[in-house]
Every structure is written in C-alpha cells, then in structure tokens.
Amino acid sequence: MMIKNQKGVTLIELAIGIALFAVVISIMITMQVKMSQQQMEMTKKLDDSIDQNLAERILFKDLNGIDISYNNLIVKDDFGNNFYDFYPDITENILKVRADRELVLKLDGAKSFFVFTQNAASGALLTYDPMWAYDVGDEPPDPNTPATLEFNPAKNRKWISNENNGGRPGFWRDGNILFYDTPSRIRPANSDVVDNTIPPRSPIYLGYVVEGSDDLQKMTGEADGMFNLTQPGTGEEITSLDNFLRKVPSVGGGQTIVRARAARLVKYYIEPDTKKNAELYDFPPFNFYMAEYRKGSFERPSLLADGVGKVLFRRDSVIKKMIYFKIQKAKLK
C-alpha cells in the first residue's frame, strides 16, 4: 500500500522553486538581450555592407569608361603627381618619376576626387570629319592657293546630331559634355630630343551643350582649369573648337582623324558625418557624396555612404590604366 504526503509544499520547497524560476528567467532575459544586441549588430553590419557595396558599384561603373581622363584630367594625388598620368609606350625602368599613384579621401587629407568618363548612354564614339564644321570657299584661280575655310558652328551641330548622316542624336542635348580628341599621341621636342618623362597626349577640346545654341560652352566654375587644353607639342592654348580642328595632327603623316564622344564629369567628395561622435572611431567618420557637372556647376549631390573612415584610389603604375579603389567604414575603437 502507497502512503501519500498529505502536508503539501513546504516553505523550503517553495523558496527553492522560486529561486530556480528566478534563475531561469534571468538566463532567458540575458539570452534575449544578447540576441537583441547581436541582431542589432548584424542589422548595422548589413546596412553598412549594402551602403558600401552600392557606393562601390557606382564607382566601378564610372571607372569603366575612364580612358578619356588619362593625360587630360588634372587631379593631384597625395604626393603632388597627376593621378591620371599615363605612359603607354615606355617601360617602368625608363621612368625618372614616381611610378605609382595614390589618393586617399579623409577628413585630414584630400576631400575630393574627380572622374571624367564616357557617357555611353548618349551614344557610341563618333569618328568626326573636321570638314563637317566648315564652309569651304570657291576654288581659287591659283592651284597653289588653298580655298578659304570658315568655321560654322551650326554645321558642326547638324552633323553631330543628324542620325541620317551617321551622327549621334543623343550627343547634342542640353547639358551634355562633348569631348573631341585624336588617336595621335605627342610629346614636346627640344632640339629634336623627345622628353620621355612627359606623358604623350592628344590635343583635346571639350565644352557643354546649351539648348538653342550652336556653340559649345566653356567649362566654368570648379571645372575651369581641370583639363590640359594646350597643344602637346608647343604648349599653345586651345581656345576654341575651330582652333582645335585647324591644328589637328595627322596620324602617321596621313589624313587627320578626330573622335567625338559624349562625356560626364563626376565629383566624389566627403563632408564630416555630424551625427556620429568622431572620438569614438578609429578615423573621424564622414559622408561620401557624388555630384555630376552640368552647365557650369556641379548638381545637387547624392549621398552614397555615411560613417565612412576613408576612401582609397590607387594605381600601381603609370604604365597601366588599372585603378583600385576601396571604401572603408569607420570602426569603433
């Protein structure tokens, strides 16, 4: 026969039960707090990762069409050299200048970086006949005397934008930058000696389109002086499209070839991130912006990433066009 306890729960048993229950609740609360902290940390890392990846994808897209920046756009790196120097025809051991290029955006260093890139959305490269921009005068009686040439900006606009004649309708649109150059690459020569320490380059001309005007407008504002608009052989300034076309160098002694492209000038820059306490981070955090140049100034910027510690742009050698970049988030100490 089984004997049952008729006394119920004693005070000691009740105290033990309450203590065990409190321990269990304490463990559950601790685990919940920890899981919540981990979830918040994972969410922040995910947000930072999405933020960073999006910014790097935009940078990668712009750097894809950056060929027209080399030896044309002037951007000084952290050592005072032009970031876009390019030597396609010599080996690195011949160079008498620093071979690598590096520019780091940070609050106690450089604040901006510029990219000049082809605007493929407006149309592909156009092989441009210089005669498209001129009215040819009557044939003179003397065969040794050339006919007159008069620059006609309306004719240039018509041929550039006329699709039926092989032009690019997308080029001549309000605010678009048009860029002219040649395949020729020239260095200045002194007493028939070519200075190989100077990068070879083509003469160029560029300006932006204003609706209703046949003339390209000069790059003004912050873009003024950012491009090398001189003849590479003589240093003479190229002041107009007419001046550029009349002095285009031949290719190997043959016919002159001009190329026209639609282009974009993009500014990447930083400003302090005032929402974060800089003293808590390894690098003072900043916001990373981009803005595109249109009609004389840079447009309203777009925020690419916040809480950034530094943005690195690097080239291992000026004989290669490869550009490496990295966006690094500021980390808590």
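A quick note: this is a predicted structure, and the numbers were derived from the prediction, not measured.

1. Some words on the overall build of the protein
When helices and strands are counted, the protein shows three helices and 14 strands. Per-residue burial for the protein yields a buried fraction of 38% across its 333 residues. The contacts in the protein between residues at least 6 apart in sequence include a share of 64% that link residues at least 24 apart. Accessible surface for the protein amounts to roughly 19,600 Å². Of this, 54% is attributable to carbon and sulfur atoms.

2. Focus: the confidence of the model for the protein
Detailed reading of predicted coordinates is not advised where the pLDDT is low. When pLDDT is averaged along the protein, the result is 85, and 88% of the positions lie at 70 or above. The lowest-confidence element of the protein is helix 1 (residues 11-64), averaging 68 in pLDDT; the highest-confidence one is strand 1 (residues 101-105), averaging 97. Of the regions scoring below 50 in pLDDT, residues 42-50 engages in one contact with residues more than four places distant in sequence or in other chains.

3. Remarks on the packing of aromatic side chains
Across all of its chains, the model carries 18 aromatic pairs by this definition. When the ring of Tyr268 is compared with that of Phe288, the centres are 5.8 Å apart and the planes differ by 25°; the resulting orientation is stacked. Of this pair, Tyr268 sits in strand 10 (residues 258-272) while Phe288 sits in strand 11 (residues 286-294), placing them 20 residues apart in sequence. The same class applies to Tyr268 as to Phe288, namely buried. Where Tyr293 meets Phe298, the ring centres are 5.4 Å apart and the plane angle is 75°; that geometry is what we call edge-to-face. Side by side, Tyr293 and Phe298 carry an identical accessibility label, which is buried. The ring of Phe79 carries the charged tip of Arg98 above its face, separated from the ring centre by 3.7 Å. Above the plane of the ring of Tyr269 lies Lys267, whose end atom (NZ or CZ) is 4.9 Å from the centre.

Thresholds, definitions, all that
- Residues numbered from 1 in each chain as written.
- Predicted model: local features only at pLDDT ≥ 70, side-chain atom pairs only at ≥ 80, totals over all residues.
- Heavy atoms only, no water.
- Helix = DSSP H or I, 4+ residues; strand = E, 2+ residues; numbered from the N terminus.
- Buried < 20%, exposed > 50% of the residue type's maximum accessible area, 1.4 Å probe, protein only.
- Contact = heavy atoms within 4.5 Å.
- Areas by Shrake-Rupley, 256 points an atom, 1.4 Å probe, with all protein chains shown as cover.
- pLDDT = per-residue confidence, 0-100.
- Phe/Tyr/Trp six-rings, centres within 6.5 Å; stacked < 30°, edge-to-face > 60°.
- Lys NZ or Arg CZ within 6 Å of the ring centre and 35° of its normal.

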